Amino acid sequence: MSLPDLWFGLVAFFWIGYFVLEGFDFGVGMLLPLIGRSEDDRSQMLETIGPVWDANEVWLIVAGGATFAAFPVWYATLFSGAYVWLVLALLALILRAISFEWGGKSDHRHWGRFWMWANAAGGLLIPLLFGVALSALLKGVPINDQQDFSGSPMDFLSWYSLLAGVAVVGICLVHGAVFLSIRTSGEVRERATVLARRVAPVSALLAIAFVVATLAVAHDTNQASLFPAVVPAALAVIAAVDVVVFTRIGRQGWAFVATAATMGLAILTLFFSLYPRVMVSSSTFANSLTVDNASSAHYTLHVMTVAAAVLTPVVLGYQIWTYWVFRKRLTAPPVPATPAG
Amino acid sequence: MHLPLAASVVELSRWQFALTTLFHFIFVPLTLGLAPLVAILQTAWYRTRDDRWLQLTRFFGTLFVINFAIGAATGLVQEFQFGMNWSEFSKFVGNVFGAPLAMEGLAAFFLESTFIGLWLFGRDRLSPRVHLMTVWLVVAGTWLSSSFILVANSWMQHPVGYSQSGPSARPVMTSFTEVLGNDWAWWAIGHTLLAALMVGSFFMLGVAAWHIVKDRQAQIFRLAAKVALIVAVPATFLNLAVGSEFGVTIDNHQPMKIAAAEALWNTQKSASFSLFQIGGFTADDPDPSFSIEIPGLLSFLATNSFKGTVQGLNQVNASEQQAYGPGSYLPDVRLTYWSIRVMAYLGTISMLIALAGWWLWRRGTYMTSRRFQWIAVGGIALPFLSGFAGWIFTEAGRQPWVVQGLLKTADAVSPSITAGQVIMSLTVFLSLYAALGVLDFILMRRYARLDLPEIEDAGSTSATPPAVAF
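Counting restarts for each chain: residues are numbered from 1 in the order of the written sequence. A letter from A marks each chain and a number from 1 marks each ligand, given out in the order of writing. Selection of residues for local features in this predicted model requires a pLDDT of at least 70, selection of side-chain atom pairs for listing and counting requires 80 or more, and totals for whole chains, interfaces and linings are taken over all residues.

## Observations regarding the overall build of chain A
Item 1. Only DSSP runs of H or I with at least four residues qualify as helices, and only runs of E with at least two residues qualify as strands; both kinds are numbered from the N terminus onward. Per the secondary structure count, chain A includes eleven helices and two strands.
Item 2. Starting at the N terminus and walking to the C terminus, you meet the elements of chain A as α-α-α-α-α-α-α-α-α-α-β-β-α.
Item 3. For 341 residues, the compact-globule estimate of 2.2 N^0.38 gives 20 Å, and the C-alpha radius of gyration of chain A, at 20 Å, lies within 12% of that figure.
Item 4. By the convention adopted here, residues are in contact when the distance between their C-beta atoms, placed from the backbone, does not exceed 7 Å. The contacts in chain A between residues at least 6 apart in sequence include a share of 79% that link residues at least 24 apart. All radius of gyration figures rest on C-alpha atoms, and the globule criterion is 2.2 Å times the number of residues raised to 0.38.

Structure representation (structure tokens):
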């Protein structure tokens, strides 16, 4: 395996980590207005993700940073091409991030409502936009012979990229509901369990449509063969069906493993389908960015590989430890929170 | 506007980058500076088990978190903008510049964001010892993060550890240790972290001063003021020294920036330092109509010798023309001249304030000097503004280059974005930031004026109660 191939794999790994981990945070966010009926409910829901969402979001920053360092051309062309959509994504990211720390900091009646909606809207918009942007890499956007994006923002939208975006949102929603059914208690837990069971079939259908469409689009626009992308695709279909089964029979722990697997395998299918391209050109296929023509030189990749080999296990170690520290199921707060106590 | 479209995309993108970066840099130095101070407060509690330290830890911890949230959120814009607005820059420098940026994420962001979660929510689940460790790891994460980003920025100021296959070919990294060992980077890291300690300690000093002057739990806030002074006095002193030595490094690598900082049009031996001047900022009007000067000081600052030679704008421009082809290589002289002065003057005033506080403390009249307490409240703003001016100097003084000697700002912009798109994004960011800036100020002021939290659950230390609510 060459170093650019390895880094393509690492970039895929960081994106998968982002969608799997921040995915349930997005789901919890979207569920705030849906099943968080009282302030106590919402407080309990938020507390499940409060200690971890920030670190989960860093997976996005690292995916971006790794792309910049390992594939500067990919980073430059994707980010400048998706300009308008990224402005929207940044708006959502900023308001959502702030909502966590600021939401409870004033008693003004509009204040809490505003930040709850900011969190919920971010939970919907961010996976939607990144789902659209990543799938557009495969569907293709116009790229000229200077490796520059040469289209308009609308080129990122297609039936396929919209399906991908909606499917990712759907998986996040069930992922978050299942997560809440594991981490909370009382009415919140019951509502989350019921909602997960009801939404799981719809989400599963979307996820299956997404991976099947990915294989078809890969064949159509990326001259990709069915193998090996069909392997994660088939596993994603199985995982999506499992989500339906496990939520139905009330095995929440396994359901969570299955939602995480659905998300991870669906994104993996996308990256398998993309390889060896990183960004397909819809104008002239030969202008497509590839793992080799978009990557940094050998020395840079070598340095980065050493750094990643040392740091990634450490990061995974302390992140896993964090989940261990906060493993206990939460109960509804007996007394209202005191400000800044 | 009759600007050619490409030029206006460059100008708009520059404004966007400058304004979003400066806004981001309200929160960054406070995060960097307040984190160790909060950690010190918590350490003092851990050592003494005196609840007053715990009250202070939680009080300043809450302010820290309000600030941290917006700093982290606005930092995302910075990472994305390189690709969004400056795709040619990203393609050109990614080979070298991308590496410290990616490592910042892997080594530093994960550290700070994971452990801030543990610190905030873990006070009932972790032992006091482990909980204390989490806050120090947040400090380590934030300081490491700023160091990596300064290594990246320093490479734009003074590129090292790379080779090029041709004059305009993309640089390829040849030595990561040289990139990390860039002398510019180490001065920049020292200067920036000391500046952040100034921001953090002046913030703590000012907030404590308000409580002291209003006689609200003054005896407990006295402890915070003491910690703040212990940090502020050496930080202000050291930073003047480090900043002045940094000037010599800058002069070695970017003589143009130093010449512009002094509006020195022609090369001079034992050049005098101009404290203040009117006019003299353009090639047509090189002589100021009025100025106050200190003989020989500029030579000393730039070369460490009163007799040293400082190159003039015209001479550096001529030699750059020889090296890089025809054109003007002058930055905005007026902006460069005034930004470094605002930085240095405000830094000096900060040092005098810190010294005055120390002197009053020694005399035993610190708590009763109402005048000083009000000065300390107003003084919160000074290190912030000084830092702003410092970054304007650093970045504007490097123009027309974005990477010194390798890539011009005008050639760095994304070819695929339109002026309309940048006007849209600029409007979005400016309105969002204006609103967030106002709200942040209101929140910070409100929480800075609250009484200290009561300690009912002795033994746990984080800033806010675990419960969060909307």
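## Side note on the overall build of chain B
Item 1. In terms of regular secondary structure, chain B is built from 14 helices and eight strands.
Item 2. Computed over its C-alpha atoms, the radius of gyration of chain B comes to 24 Å, within 12% of the 23 Å expected for a compact globule of 470 residues.
Item 3. Across the 470 residues that make up chain B, the buried fraction comes to 55%.
Item 4. Contacts in chain B between residues far apart in sequence, at least 24 positions, make up 76% of those at least 6 positions apart. The exposure label follows from counting other C-beta atoms within 10 Å of a residue's C-beta, where the C-beta atoms are placed from the backbone and the thresholds are 20 or more for buried and 12 or fewer for exposed, leaving partly exposed in between.

## Looking at the packing of helix α5 (residues 83-102) of chain A against helix α2 (residues 51-85) of chain B
Two measures define how a pair of helices packs: the angle their axes make with one another and the distance between the axes.
Item 1. At a closest axis distance of 8 Å, the pairing of α5 of chain A and α2 of chain B adopts a crossing angle of 170°. Regarding the angle of α5 of chain A to α2 of chain B, the classification is roughly antiparallel. Here α5 of chain A runs over α2 of chain B; the crossing is right-handed. Contacts between α5 of chain A and α2 of chain B involve Tyr 83, Leu 86, Leu 90, Leu 93, Ile 94, Ala 97, Ile 98, Phe 100, Glu 101 and Trp 102 of chain A from the former and Val 65, Ile 66, Ala 69, Ile 70, Ala 72, Ala 73, Thr 74, Leu 76, Val 77, Phe 80 and Met 84 of chain B from the latter.
Item 2. A per-class count over the contact of α5 of chain A with α2 of chain B returns 19 nonpolar, one polar and one charged. Here the axes come from fitting lines to C-alpha atoms, over the contacting stretch only for helices, and the angles between their N-to-C directions go from 0 to 180 degrees. Angle categories are assigned with fixed cut-offs, so that under 35 degrees is roughly parallel, over 145 is roughly antiparallel, 65 to 115 is roughly perpendicular, and the rest are oblique. By the definition used in this description, the sense in which the near helix is turned from the far one sets the handedness, with an anticlockwise turn below a right angle giving left-handed and a clockwise turn giving right-handed. In this classification, Asp, Glu, Lys and Arg are treated as charged, Ala, Val, Leu, Ile, Met, Phe, Trp, Tyr, Cys and Pro as nonpolar, and every other residue, Gly included, as polar.

## A few points about the interface of chain B and chain A
Item 1. Contacts between chain B and chain A engage 65 residues on the former and 69 residues on the latter.
Item 2. For the side of chain B that touches chain A, the secondary-structure elements that each account for two or more residues are α2, α3 (87-121), β2 (172-173) and α14 (419-449) of chain B.
Item 3. For the side of chain B that touches chain A, the element with the highest residue contribution is α3 of chain B, accounting for 23 residues.

## Considerations on the packing of α2 of chain B against α3 of chain B
Residues and elements named next belong to chain B.
Item 1. For the pair α2 and α3, the least separation of the axes is 10 Å and the interaxial angle reads 160°. Considered as vectors, α2 and α3 are oriented roughly antiparallel to each other. Once α2 is placed against α3, the crossing between them reads as left-handed. Residue-level contacts link Val 65, Phe 68, Phe 82 and Gly 83 of α2 to Ser 87, Phe 89, Ser 90, Ile 116 and Leu 120 of α3.
Item 2. Of the residues that constitute the contact of α2 with α3, the class distribution is six nonpolar, three polar and no charged.

## Here's the deal with unusual backbone geometry
The general pattern is negative phi for most residues beyond glycine and trans for most peptide bonds.
Item 1. A cis amide bond links Tyr 275 of chain A to the next residue, Pro 276 of chain A, at an omega of 0°.
Item 2. Of note, Pro 276 of chain A is situated in the loop between α10 (252-274) and β1 (277-279).
Item 3. Unlike most non-glycine residues, Asp 215 of chain B shows phi in positive territory, near 55°.
Item 4. Inspection of the secondary structure puts Asp 215 of chain B in the loop between α6 (183-213) and α7 (218-253).
Item 5. Positive phi is not limited to glycine here, since Ala 263 of chain B has a value of about 50°.
Item 6. Within the secondary structure, Ala 263 of chain B is located in the loop between α8 (255-261) and β3 (268-269).

## Considering helix α13 (residues 381-396) of chain B
Item 1. In this scheme, a helix's expected span is set at 1.5 Å multiplied by one less than its residue total. The end-to-end C-alpha distance of α13 of chain B, which contains 16 residues, comes to 22 Å, matching closely the 22 Å that a straight helix rising 1.5 Å per residue would cover.
Item 2. Within α13 of chain B, the full set of buried residues consists of Leu 382, Pro 383, Ser 386, Gly 387, Ala 389, Gly 390, Ile 392, Phe 393, Thr 394 and Glu 395 of chain B.

## A closer look at the pairing of strand β5 (residues 290-294) of chain B
Residue and element names in this part refer to chain B.
Item 1. Little of β5 is tucked away, with zero of its five residues classed as buried.
Item 2. A pair of strands is considered paired only if DSSP assigns at least 2 bridges between the two. The sheet contact formed by strand β4 (residues 273-278) and β5 spans five bridges and is antiparallel. Looking at β5, one finds that Ser 274 is bridged to Glu 293.

## Things to note about the environment of Met 84 of chain B
Item 1. With respect to the helices, strands and loops of the structure, Met 84 of chain B is situated in helix α2.
Item 2. Sequence spacing of Met 84 of chain B and Ser 416 of chain B is 332 residues, and the spatial spacing of their C-alpha atoms is 9.5 Å.
Item 3. Non-local contacts of Met 84 of chain B, meaning those with residues more than four positions away in its chain, are made with Phe 79, Ser 80, Tyr 83 and Leu 86 of chain A together with Ser 414 of chain B.

## Examining the confidence of the model for chain B
Residue and element names in this part refer to chain B.
Item 1. Per-residue pLDDT for chain B averages 92, and the proportion of residues at 70 or more is 96%.
Item 2. pLDDT runs from 0 to 100 and stands for how confident the predictor is about each residue. Contacts from residues 463-467, a stretch scored under 50 in pLDDT, to residues over four places away or in other chains number 20 contacts.
Item 3. For this predicted complex, the interface confidence reaches an ipTM of 0.92, while the overall pTM sits at 0.93.

## Description of the confidence of the model for chain A
Residues and elements named next belong to chain A.
Item 1. Per-residue confidence for chain A averages 94 on the pLDDT scale, and 97% of its residues sit at or above 70.
Item 2. Of all the helices and strands in chain A, helix α2 (residues 39-49) carries the lowest mean pLDDT, 92, while helix α7 (residues 159-183) carries the highest, 98.
Item 3. The low-confidence segment residues 334-341 (pLDDT under 50) makes 13 contacts with residues lying over four places distant or belonging to another chain.

## Here's the deal with helix α9 (residues 230-249) of chain A
All names here are of chain A.
Item 1. For α9, with 20 residues, the first-to-last C-alpha span of 29 Å sits near the 28 Å given by 1.5 Å per residue.
Item 2. Among all positions of α9, only Pro 232, Ala 233, Ala 236, Ala 239, Ala 240, Asp 242, Val 243, Val 244, Phe 246 and Thr 247 are buried.
Item 3. Of the surrounding secondary structure, the elements contacted by the buried residues of α9 are α7, α8 (186-222) and α10.
Item 4. At the C-terminal side of α9, Gly 250 shows a positive phi close to 75°.

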